[in-house]
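Okay, here's what each chain looks like letter by letter:
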Amino acid sequence: MQNKQTLSILLLAHPGHELRIHHWVELNKPLVFFLTDGSGSKEQSRTHYSREIIEKTGSAAGAIFGDISDRLWYEALARHDHGFFAAVIASIEADIGEHHSYRIVADARDGYNPIHDLASAMGAILQKRLSAGGKPAELLFSAATAGAKGDRVCELVLDEEARARKLAAVARYLPLVDEARSILKQYPAAMDREVLISQVTDWHTPKNPEWEEIGRERVAAGIYQSCLTYEDHFLPVVSKLFEECGK
């Protein structure tokens, strides 16, 4: 049952990112939102793997839970479909209900994937909307990639049982098994510690995120027909959403 005093909210770009903070999820039992279904260019949803994890930890699936493909998110960014993004934020806010306070954990901004960065921005937007309504809301971030930088705020050291449960969850998550092996090879302590960070982000400063270069490479490879850019696609959408928080 959710704590009526403080509601924990997990707002992530893709299913599978919850594995990074599996024990935190066990302890806090958040209401979980996934922006995309994790299908990427392969068009294969992995939401059902995450639903099993959420259920096993006693957490709850939110109103936006991997129902929308990555392709549709990219298309909405490409055409500046403000209504699409505003509707997602409104749906999340309506779903969380009335609580004394809120604890939001979102994907950290890392410049590696536009939806990672969008989840970070949406976490900040949700915090502003709640705060504007007089509801205290803490915001922290979980790094989906090594490119996310910030100040360490919370660190969980997993005991043997928590580590074993996390390893078992990773092993069952078949689409990410190879990625998990790669992470463990580079960062052997990834299964032993979980970290939440704070980030100070200036969304209006011009940026050249890595995902722009990745997009250009995929266009050249024939995977995408066009690529997104920070200034032409990402910034206009995020700026308008933040502007509405002050209305």
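Further up the page is the structure itself.
Here is a short report on the structure shown in this document. (Residues numbered from 1 in each chain as written. Predicted model: local features only at pLDDT ≥ 70, side-chain atom pairs only at ≥ 80, totals over all residues. Heavy atoms only, no water.)

**Overview of the overall build of the chain**
Then, number 1: If you tally the helices and strands in the chain, you get 9 helices and 7 strands.
Then, number 2: Its C-alpha atoms give the chain a radius of gyration of 17 Å, near enough to 18 Å, the size a compact globule of 247 residues would have.
Then, number 3: Overall size of the chain, expressed as C-alpha extent along the three principal axes, is 45 × 45 × 30 Å.
Then, number 4: Excluding contacts between residues fewer than 6 apart, the proportion of contacts in the chain whose partners are at least 24 apart in sequence is 76%.
Then, number 5: Summed over all atoms, the accessible surface of the chain reaches about 12000 Å², with 50% contributed by carbon and sulfur.
Then, number 6: The averaged location of the 35 negative side-chain charges in the chain is 2 Å from the averaged location of its 28 positive side-chain charges. (Helix = DSSP H or I, 4+ residues; strand = E, 2+ residues; numbered from the N terminus. Rg over C-alpha atoms; globule rule 2.2 N^0.38 Å. Contact = heavy atoms within 4.5 Å. Areas by Shrake-Rupley, 256 points an atom, 1.4 Å probe, with all protein chains shown as cover. Lys, Arg positive; Asp, Glu negative; His and termini not counted. Charge placed at Lys NZ, Arg CZ, Asp CG, Glu CD.)

**Here we look at the packing of aromatic side chains**
Then, number 1: Overall, the coordinates contain 9 aromatic pairs when judged by the stated rule.
Then, number 2: With a centroid separation of 5.8 Å and an interplanar angle of 55°, the aromatic rings of Trp73 and Phe85 are classed as tilted. Taken together, the residues Trp73 in helix H3 (residues 70-78) and Phe85 in helix H4 (residues 82-96) connect sequence positions 12 residues apart. As far as burial versus exposure is concerned, Trp73 and Phe85 are alike and both buried.
Then, number 3: Aromatic ring contacts, followed pair by pair, group Trp203, Trp211, Tyr230, Phe234 and Phe242 into a single cluster. (Phe/Tyr/Trp six-rings, centres within 6.5 Å; stacked < 30°, edge-to-face > 60°. Buried < 20%, exposed > 50% of the residue type's maximum accessible area, 1.4 Å probe, protein only.)

**Points about empty space enclosed by the protein**
Then, number 1: Summed over the entire model, instances satisfying the criterion amount to 1 cavity of 30 Å³ or more.
Then, number 2: Of the volumes computed, that of the largest cavity is approximately 40 Å³.
Then, number 3: Looking at the lining of the largest cavity, the elements with two or more residues in it are helix H2 (47-56) and helix H6 (160-172).
Then, number 4: With 3 residues, H2 is the single largest residue contributor to the lining of the largest cavity.
Then, number 5: Tallied by class, residues from the lining of the largest cavity come to 4 nonpolar, no polar and 2 charged. (1 Å grid on protein atoms, 1.4 Å probe; cavity = no way out; pocket = protein on both sides within 12 Å on 5 of 7 lines; lining within 4 Å. Points joined across faces, edges and corners; volume = space filled by probe spheres on them. Nonpolar A, V, L, I, M, F, W, Y, C, P; charged D, E, K, R; others polar.)

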